[in-house]
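# Tertiary structure, described
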Amino acid sequence: MGTTTRDTYSYYVEQKALDVTDRPRKFLVAFAAVLEHGNYSSALDIYSRLSTKCGRCASACQLYEATQEERDIPCHRSELLLRVYRRYFTQSGILKARLTRGFILTDDYLDEMADEYYRCTACRRCKAFCPLGIDHGLVTHLARYLLSEIDVIPKALLRCRRSRTPVSFSRKNSRRSMA
Ligand code: SF4
Ligand code: SF4
């Protein structure tokens, strides 16, 4: 039985979340399945190309207003997942990774995502203030779903998990390759 790089999360998760092995690969397999069978690709494609840092989403976010922590800036949080998307699911990211030793999804990175994506309330208020229409709530929903696929999910939400599927897809049919 393997362990992750940490013993606990800031919220209570089932023990199996601490025991899973090979989490980065499992996360990417789930991500590939969502992209192949869901409808997130076009949004992620657009979001991952935009880089305007106007800060309006931060001033609209009640979480950031309360904490004033950089990690609670909406576009900072979304960048965590978009970085994975760029690296593993775009041609330029895959090519760049072959040429240089760039970003690699690790257990530590997944832990950082887990902490940050469960802080956002997914209220989508920030979207209304973004001049580019970037929907950070949508990114948060997707990231949480992918984290739940590696069993990182607050125990209080487990009942919701049993009755949800954010996109309609069958994992066994996933054939999207990962470089
Ligand atoms: S969805 Fe809500 S809590 Fe999350 S970043 Fe946007 S405004 Fe903040
Ligand atoms: S409001 Fe939109 S464009 Fe401005 S920093 Fe936030 S995500 Fe970027």
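Residues numbered from 1 in each chain as written. Chains lettered and ligands numbered in written order. Predicted model: local features only at pLDDT ≥ 70, side-chain atom pairs only at ≥ 80, totals over all residues.

Helix and strand counts for the chain come out as 11 helices and zero strands. Along its sequence from the N terminus, the chain presents helices and strands in the succession α-α-α-α-α-α-α-α-α-α-α. Relative to its full complement of 179 residues, the chain shows a buried share of 27%. Partitioning the contacts of the chain with sequence separation of at least 6, the portion at a separation of at least 24 is 72%. (Helix = DSSP H or I, 4+ residues; strand = E, 2+ residues; numbered from the N terminus. Buried ≥ 20, exposed ≤ 12 C-beta atoms within 10 Å, placed from the backbone. Contact = placed C-beta atoms within 7 Å.)

It is worth spelling out the site of ligand 1 at this point. Close to ligand 1 lie 14 residues; Cys 61, Pro 74, Cys 120, Cys 123 and Cys 126 are nearest. For the shell around ligand 1, the secondary-structure elements that each account for two or more residues are α9 (125–129) and α10 (136–149). Ranked by the residues each element gives to the shell around ligand 1, the list is headed by α10, at three residues. Of the residues belonging to the shell around ligand 1, the class tally is eight nonpolar, four polar and two charged. (Near = placed C-beta within 6 Å. Nonpolar A, V, L, I, M, F, W, Y, C, P; charged D, E, K, R; others polar.)

Moving on, we get to the site of ligand 2. Close to ligand 2 lie 13 residues; Thr 52, Cys 54, Arg 56, Cys 57 and Cys 130 are nearest. If you list the elements that add at least two residues to the shell around ligand 2, you get α4 (56–60) and α6 (74–89). For the shell around ligand 2, a count of residues per class yields nine nonpolar, two polar and two charged.

Moving on, we come to the confidence of the model for the chain. When pLDDT is averaged along the chain, the result is 83; 77% of the residues meet or exceed 70. Confidence, read as mean pLDDT per element, is least for helix α11 (residues 158–162) in the chain (62) and greatest for helix α5 (residues 62–67) (96). Overall, residues 167–179 carries pLDDT values under 50, and its contacts beyond four positions in sequence, including any with other chains, amount to 24 contacts. (pLDDT = per-residue confidence, 0-100.)

Along helix α8 (residues 107–117), the positions that sit buried rather than exposed are Leu 110, Met 113, Ala 114 and Tyr 117. Burial along α8 is one-sided: seen end-on, the buried residues are contained in an arc of 100 degrees. Its buried side turned inward, α8 meets α2 (23–37), α6 and α10. (Arc of directions from axis to C-beta.)

To continue, consider α10. The end-to-end C-alpha distance of α10, which contains 14 residues, comes to 20 Å, matching closely the 20 Å that a straight helix rising 1.5 Å per residue would cover. Listed in full, the buried residues belonging to α10 are His 136, Val 139, Thr 140, Leu 142, Ala 143, Arg 144, Tyr 145, Leu 146 and Leu 147. Packing partners of the buried residues in α10 comprise α2, α3 (41–49), α4, α6, α8 and α9. Downstream of α10 by a residue or two, Asp 151 has a phi angle that is positive, lying close to 70 degrees. (Expected span 1.5 Å × (residues − 1).)

A word on the packing of α8 against α10. One way to put it is that α8 packs onto α10 with a least axis distance of 10 Å and a crossing angle of 130 degrees. With respect to their mutual orientation, α8 and α10 come out oblique. Between α8 and α10 lies a crossing whose hand is left-handed. For the pair α8 and α10, the contacting residues are Met 113, Ala 114 and Tyr 117 in the first and Thr 140, Ala 143, Arg 144 and Leu 147 in the second. (Axes fitted to C-alpha atoms, helices over the stretch in contact; angles between N-to-C directions. Parallel < 35°, antiparallel > 145°, perpendicular 65-115°, else oblique. Left-handed = near helix turned anticlockwise from the far one by under 90°.)

As a further point, take the environment of Arg 56. Relative to the assigned elements, Arg 56 resides in helix α4. Along the backbone, Arg 56 and Cys 75 are 19 residues apart, and their C-alpha atoms lie at a distance of 9.8 Å. Sequence-distant contacts of Arg 56, defined by excluding residues within four places in its chain, comprise Phe 129, Cys 130 and Pro 131.

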